[in-house]
Amino acid sequence: MSKPHALCTEFAGFATVGVFAFAADLGGFLWLRGPAGMDPMYAKALSFIAGVAVAYTGNALGPYRLRDRRVAGGWRRFCVFVLVNAAGGAVQLGCLGVSRYALGLTSTLADVVSGAGIGLVLGTAVRFWGTRTLVFSRAPAPDPDGVRGRAPVDGGAT
């Protein structure tokens, strides 16, 4: 499989998992705000955690199941994943903030374009990069001689 094709396949799996995570986040938020009557900030915090949990589980069992885990330990890896997702969310908020406060674009359409359009694309790029680079790394090439990382016996002199 060619490298661009493999990257596209990986991104397609990542995006599919993202759709389910988004549904968990949005559905959880709407339920917590509506029938549960929860404060919007608490509801959003809990729905974000639910969405991240769905995304982590889906990515670990789906597109990244055969990769090594760069961060050892399930809880530490999950925490790094949460931080990567928070960084993606910060990018989305940053795009909205620049649009509203730096450019003075305050219409609903401008908010949707900057936050849910441009911000979503850039935030997804951050999440994709962080997930594949910081959370799940590519398995290292096999070292049949078992010498990788060892200093030469003769001190490197030839």
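Here is what the cut-offs are and how they apply
Position labels on residues start from 1 in each chain and follow its written sequence. Local features in a predicted model are, by the rule used here, given only for residues with pLDDT of at least 70; side-chain atom pairs are given and counted only at 80 or more, and totals for whole chains, interfaces and linings are based on all residues. Computation of side-chain values: all heavy atoms of the structure, hydrogens and water removed. Think of it this way: any DSSP run of H or I at least four residues long counts as a helix, any run of E at least two long counts as a strand, and we number them from the N terminus. In this scheme, a residue with accessible area under 20% of its type's maximum is buried, one over 50% is exposed, and one in between is partly exposed, where area comes from a 1.4 Å probe on protein chains only. Only buried residues count toward a nonpolar core, which is a set of Ala, Val, Leu, Ile, Met, Phe, Trp, Tyr and Cys residues joined through side-chain atoms within 4.5 Å. Using a 1 Å grid laid over the protein atoms alone, points where a 1.4 Å probe fits but cannot get out form a cavity; open sets with protein on both sides within 12 Å along at least 5 of 7 lines form a pocket; any residue with an atom within 4 Å of a point counts as lining. Grid points are joined across faces, edges and corners, and a volume is the space filled by probe spheres set on the points. Just so you know the grouping, Ala, Val, Leu, Ile, Met, Phe, Trp, Tyr, Cys and Pro go in nonpolar, Asp, Glu, Lys and Arg go in charged, and all remaining residues, Gly too, go in polar.

A.B. asks: For the environment of Val80, give the residues involved together with the corresponding values.
C.D. replies: Tracing the chain through its elements places Val80 in helix α3 (residues 74–102). Given a relative accessible area of 22%, Val80 falls into the partly exposed group.

A.B. asks: Outline the nonpolar core, supporting the account with residue identities and numerical values.
C.D. replies: Formed by 14 residues in total, the largest nonpolar core has its most connected members in Ala55, Tyr56, Tyr64, Phe81, Val135 and Phe136. Listed by contribution, the elements that provide at least two residues to this core are α1 (3–33), α2 (40–61), α3 and α4 (108–135). At four residues, the largest contribution of residues to this core is made by α2.

A.B. asks: Can you explain the layout of surface pockets? Please cite residues and give values.
C.D. replies: Size it by volume and the largest pocket reaches roughly 1,200 Å³. The wall of the largest pocket is formed by 34 residues, among which Phe22, Asp25, Gln92, Leu120 and Arg127 lie closest to the centre. If you tally residues by element for the lining of the largest pocket, the top one is α1, at 11 residues. Each residue belonging to the lining of the largest pocket can be placed in one class, and the counts come to 21 nonpolar, nine polar and four charged.

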